[in-house]
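Coordinates in review
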Amino acid sequence: MAKKILVIEDDKDIRETIVYVLEDHGYEVTSSEDAKILKSLTELNPDMILLDNWLTEWKSDANGQQLSKQLKSDPATSHIPVIIISAVSGVKEIAEAGMADGYLRKPFGIDDLVEIVKEHIK
């Protein structure tokens with residue numbers, strides 16, 4: 001059975017590229033342009049979440065770092081690896097503050113994407 005990955009990325013081109021690459025590597029991918037999809041997390045039951053740090057359409061003050069921290073602090077979702085994706089220079093610190101399992105700096109190469117997924121999905 002294919003591992004499931006949830007991709008939350010507001011940039012359509014980046015989101016579609018991630019989905020294409022991961023599906024090509026045999027993963028089952030669900031994607032969204034905003035974090036509202038997290039309300040369906042129980043039904044989706046992902047094995048990993050790739051989360052953009054800056055979601056322009058998110059209608060609250062929460063960013064990827066804060067959402068990651070909420071997910072990692074909740075016993076029901078803390079087991080799901082969360083990878084923060086961002087172009088900001090302090091992405092490592094953002095990921096650490098958000099209790100994320102890792103980070104991917106934009107722009108990233110396809111090999112980097114596949115590598116971090118393989119590293120965190122068993």
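Details of the structure are given in the entry above.
Residues numbered from 1 in each chain as written. Predicted model: local features only at pLDDT ≥ 70, side-chain atom pairs only at ≥ 80, totals over all residues. Heavy atoms only, no water.

**Section: the pattern of salt bridges**
As a reminder of what qualifies: Put simply, a salt bridge is a Lys or Arg side-chain nitrogen that is within 4 Å of an Asp or Glu carboxyl oxygen. Labels follow the DSSP assignment, with helices taken as runs of H or I lasting at least four residues and strands as runs of E lasting at least two, numbered in each case from the N terminus. Per-residue accessibility, obtained with a 1.4 Å probe over protein chains only, is compared with the maximum for each type, and a residue is labelled buried under 20%, exposed over 50%, and partly exposed between these values.
The full count for this structure, using the stated rule, is six salt bridges. For K106, the salt bridge is made with E9, and the minimal N-O distance between the two is 3.0 Å. In this pair, K106 is assigned in the loop between β5 (102-105) and α5 (110-120) and E9 in the loop between β1 (4-8) and α1 (12-24), connecting sequence segments 97 residues apart. Like K106, the residue E9 is buried in the burial classification. Of the charged contacts, one joins K12 and E16 as a salt bridge, the two residues approaching to 3.2 Å between their closest N and O atoms. Of this pair, K12 and E16 both sit in helix α1, four residues apart, which is roughly one turn of that helix. Linked by salt bridges that have partners in common, E9, D52 and K106 make up one network.

**As for helix α3 (residues 64-73)**
As a reminder, the rule being used: By arc we mean the arc of the directions from the helix axis to the C-beta atoms, nothing more. The contact definition used throughout considers only heavy atoms, calling two residues in contact when any of these lie within 4.5 Å. Polar contact criterion, stated in full: a pair of N or O atoms within 3.5 Å, where within protein one must be able to donate a hydrogen and the other to accept it, and residues adjacent in sequence count only if both atoms are side-chain atoms.
Within the sequence span of α3, burial applies to G64, L67, S68, L71 and K72. The buried side chains of α3 occupy one side of the element, clustering within an arc of 130° when seen end-on. For α3, the elements touching its buried residues are α2 (41-44), β3 (48-52) and β4 (82-86). The backbone nitrogen of Q65 has a side-chain oxygen 3.0 Å away, supplied by the residue at the start of α3, namely N63.

**Digging into unusual backbone geometry**
A cis amide bond links K106 to the next residue, P107, at an omega of -10°. Inspection of the secondary structure assignment puts P107 in the loop between β5 and α5. A positive phi angle, close to 45°, is found at N45, a residue other than glycine. Take N45: it is sitting in the loop between α2 and β3.

**Considering the sheet that holds strand β2 (residues 28-32)**
Defined as follows: Any two strands between which DSSP finds at least two bridges are classified as paired. For helices, the axis comes from a line fit to the C-alpha atoms of the stretch in contact; other axes are also lines fit to C-alpha atoms, and the angle between any two N-to-C directions lies between 0 and 180 degrees.
The strand order β2-β1-β3-β4-β5 describes an open sheet built from five strands, whose pairing is parallel. Among the strands making up the open sheet, the edge pair consists of β2 and β5. Ignoring which end each strand starts from, the neighbouring axes of this sheet average 20° apart. Relative to the sheet, α1 contacts β1, β2, β3 and β4, its axis offset from that of β2 by approximately 170°.

By themselves, these are just geometric observations and shouldn't be taken as functional.
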